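Okay, here's what each chain looks like letter by letter:
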Amino acid sequence: MKSSSLLSLALGVSWIFSPEALVIAGNVSGQMGWLIFPSLIGVVIVYMVCSRLLRSESLPSSPGWDFLVLQRGSGSIPATTLSLTACLPLTILAGTALLVTAGYTFNEVFLYWFPNFGFSFLLLGLLTTLQLFRKEYALWLQLCFSTLAMGGLLLLALYGIFSPDKQSTELLQQGSGFSLSSVSLLLLIFVGHTLSVDQRRSSFPLPLVMGFLLSGLWILASLGHVSPERLAASTIPYMTTAREILDDPGRQLMGIVIISGTCGALNGLMILTRNILTTLAREKTVPLFLSTQEKRWVLPFLLAAAIGTCMATGLAGNELLESLLRSALILWLLYYSSLCLSAVRWIQKVSASMPYPALFSTLLLMAGGITLIIDDPRRLEMGIFIFSVFFATSVLSTCWHFINKRQNPTGSP
């Protein structure tokens with residue numbers, strides 16, 4: 001496999017090994033039992049259809065093609081708004097939640113005397129420093145992060161599958177909790193497969209398939225060792241399962257998975273944000289200083305300051321953080337759905353035919369995002385947050401649009 005494919009795979013699977021994705025996989029497997037497997041297959045098929053749509057030869061292949069497709073489908077201001085709401089809230093809130101989880105994991109599993117927030121800020125400083133160098137360095141370290149997380153989870157999953165505490169007949173009886181809300185949550189596990197650096201050049205969505213296989217193995221091991229009730233109710237189902245599979249060595253191995261998965265997920269999101277803002281700056285829809293090609297040090301420090309502020313002000317210990325992070329994931333899902341919908345319209349105009357499977361899959365993604373908001377107990381807070389983010393970014397996008405239009409009345413660069 002070529003090095004570019006390895007790097008793309010490392011980015012594409014990074015979110016799947018994050019603590020948040022593992023929590024969703026554990027809780028939903030506890031709620032649904034074995035019914036999670038056909039649901040997981042359905043979710044992956046929906047994403048594969050959308051991935052094939054975005055790899056269509058009818059779409060542009062130039063850098064920033066995704067913004068161009070969005071811009072053609074909805075206009076410059078909505079495209080900028082959708083792009084900003086997709087990357088900034090997710091990077092900041094995921095960074096806050098994941099870093100604090102990694103800090104607690106390091107404190108409880110490896111060194112009890114080391115301050116958990118101290119470790120969280122240490123990781124934040126290291127990952128921020130990494131963004132100051134060329135993107136190639138961040139990509140190669142991403143490969144290390146993903147390999148560690150993938151290898152540790154695979155070892156635990158295989159050991160758990162070949163030494164189950166339950167018989168297969170007992171596993172088949174654990175399937176009474178099917179719901180649209182649970183299926184919709186599974187959509188959030190695979191949102192990161194779009195981080196692949198060469199998703200347009202790849203003929204096969206390898207990160208999506210690899211993520212599905214590893215998630216399926218881990219869920220099977222979890223159901224074979226932990227009761228559905230414990231999985232559904234646990235705030236750290238991954239650690240509960242690891243302890244049941246391999247006792248203390250399992251906890252230590254899972255600790256490595258959580259810390260490396262946190263580094264991989266946050267590094268991947270920072271790279272994503274760099275790419276999106278560089279594209280927007282090139283299209284002159286945001287200020288040039290946000291482009292890493294212009295001033296490499298500005299954006300990483302802005303992101304680090306926002307994440308550090310969220311951790312220092314106590315948001316990390318607040319139950320509201322989970323709902324805000326879910327809202328940020330839903331914003332990314334809505335952005336991806338809007339991109340697919342714009343691509344459907346683009347292809348319809350170019351080929352004079354409607355790609356109905358892609359349209360149906362896109363509508364399912366949108367319906368899943370709406371379902372997650374409606375069925376959440378904190379739907380009011382989530383709705384206020386999503387509306388506020390859209391309103392704030394749309395105001396900024398509109399201001400930047402008219403400032404740029406005033407500076408370049410003829411549309412010249």
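Coordinates for the structure precede this section.
On a predicted model such as this, the values are computed, not experimentally measured, just so you know.

A. Structural context of the overall build of the protein. Looking only at helices and strands, one finds 16 helices and 0 strands in the protein. The 413 residues of the protein split such that 55% are buried. Of all intrachain contacts in the protein linking residues separated by at least 6 positions in sequence, the fraction that spans at least 24 positions is 83%. About 17,900 Å² of surface is accessible on the protein, with carbon and sulfur atoms providing 65% of the total.

B. Seen up close, the layout of surface pockets. Its volume calculated, the second largest pocket comes out at about 740 Å³. In terms of lining residues, the second largest pocket is bounded by 30 residues, among which Val23, Thr101, Thr235, Ile236 and Tyr238 are the most central. Those elements giving two or more residues to the lining of the second largest pocket turn out to be α2 (19–32), α5 (76–110), α11 (228–233), α12 (237–282) and α14 (320–351). Looking at the lining of the second largest pocket, the element that brings in the most residues is α5, giving 8 residues.

C. Quick peek at the nonpolar core. In this structure, Trp15, Tyr47, Phe190, Trp218 and Met254 are the most contacted members of the largest nonpolar core, which totals 121 residues. Per-element tally for this core: the top contributor is α12, with 18 residues. Residue contacts for phenylalanine 190: discarding those within four places in its chain leaves Ile16, Leu40, Val43, Val44, Tyr47, Leu208, Gly211, Phe212 and Ser215. Among the nonpolar cores identified, the runner-up in size contains 8 residues, and Leu7, Leu11, Ala138 and Ile271 belong to it.

D. Local environment of the pattern of salt bridges. Going through the model one piece at a time under the given rule, you end up with 6 salt bridges. A salt bridge links arginine 230 to glutamate 244, with the nearest nitrogen and oxygen atoms 3.3 Å apart. Linking arginine 230 in helix α11 with glutamate 244 in helix α12, this pair joins segments that are 14 residues apart in sequence. Under the relative-accessibility criterion, glutamate 244 is labelled partly exposed at 33%. For glutamate 319, the salt bridge is made with arginine 378, and the minimal N-O distance between the two is 3.7 Å.

E. Inspection of helix α15 (residues 356–375) at higher detail. For α15, which comprises 20 residues, the first-to-last C-alpha distance of 28 Å matches the rise-based estimate of 28 Å (1.5 Å per residue) to within 8%. Turning to α15, its buried residues are Ala358, Leu359, Ser361, Thr362, Leu365, Gly368, Gly369, Thr371 and Leu372.

F. How the structure looks around the packing of helix α7 (residues 135–161) against α12. Contact geometry of α7 with α12 gives a least axis separation of 8 Å together with a crossing angle of 155 degrees. As judged from the angle between their axes, α7 and α12 are roughly antiparallel. Crossing of α7 over α12 shows left-handed handedness. Taken together, the residues of the contact of α7 with α12 sort by class into 18 nonpolar, 10 polar and 2 charged.

G. Just helix α13 (residues 298–312), in detail. The first and last C-alpha atoms of α13 sit 21 Å apart over 15 residues, in line with the 21 Å expected at 1.5 Å per residue. At its buried positions, α13 is contacted by α5, α6 (116–130) and α12.

H. Up close: the packing of aromatic side chains. If you walk through the whole model with that rule in mind, you get 11 aromatic pairs. Their ring planes at 85 degrees and their centres at 6.3 Å tell us that phenylalanine 114 and phenylalanine 119 sit as a pair that is edge-to-face. A connected cluster of aromatic rings, assembled from ring pairs, spans Phe106, Phe110, Trp113, Phe114 and Phe119. Over the aromatic face of tryptophan 346 sits the side chain of arginine 72, whose NZ or CZ is 4.3 Å from the ring centroid.

I. Representation of the side chain of serine 222 in the model. By the secondary structure assignment, serine 222 is in helix α10 (residues 206–225). Here serine 222 falls in the buried class, since its relative accessible area comes to 2%. Contacts of serine 222, omitting those with residues within four sequence positions, involve Leu231 and Thr241.

J. Spatial organisation of unusual backbone geometry. Despite not being glycine, aspartate 247 has its phi angle at roughly 55 degrees, a positive value. Within the secondary structure layout, aspartate 247 lies in helix α12. A relative accessible area of 52% places aspartate 247 in the exposed class. If you check the backbone angles, lysine 284 has positive phi at about 60 degrees while not being a glycine.

Analysis parameters
Residues numbered from 1 in each chain as written. Predicted model: local features only at pLDDT ≥ 70, side-chain atom pairs only at ≥ 80, totals over all residues. Heavy atoms only, no water. Helix = DSSP H or I, 4+ residues; strand = E, 2+ residues; numbered from the N terminus. Buried < 20%, exposed > 50% of the residue type's maximum accessible area, 1.4 Å probe, protein only. Contact = heavy atoms within 4.5 Å. Areas by Shrake-Rupley, 256 points an atom, 1.4 Å probe, with all protein chains shown as cover. 1 Å grid on protein atoms, 1.4 Å probe; cavity = no way out; pocket = protein on both sides within 12 Å on 5 of 7 lines; lining within 4 Å. Points joined across faces, edges and corners; volume = space filled by probe spheres on them. Core = buried A, V, L, I, M, F, W, Y, C linked by side-chain atoms within 4.5 Å. Salt bridge = Lys/Arg side-chain N within 4 Å of Asp/Glu carboxyl O. Expected span 1.5 Å × (residues − 1). Axes fitted to C-alpha atoms, helices over the stretch in contact; angles between N-to-C directions. Parallel < 35°, antiparallel > 145°, perpendicular 65-115°, else oblique. Left-handed = near helix turned anticlockwise from the far one by under 90°. Nonpolar A, V, L, I, M, F, W, Y, C, P; charged D, E, K, R; others polar. Phe/Tyr/Trp six-rings, centres within 6.5 Å; stacked < 30°, edge-to-face > 60°. Lys NZ or Arg CZ within 6 Å of the ring centre and 35° of its normal.

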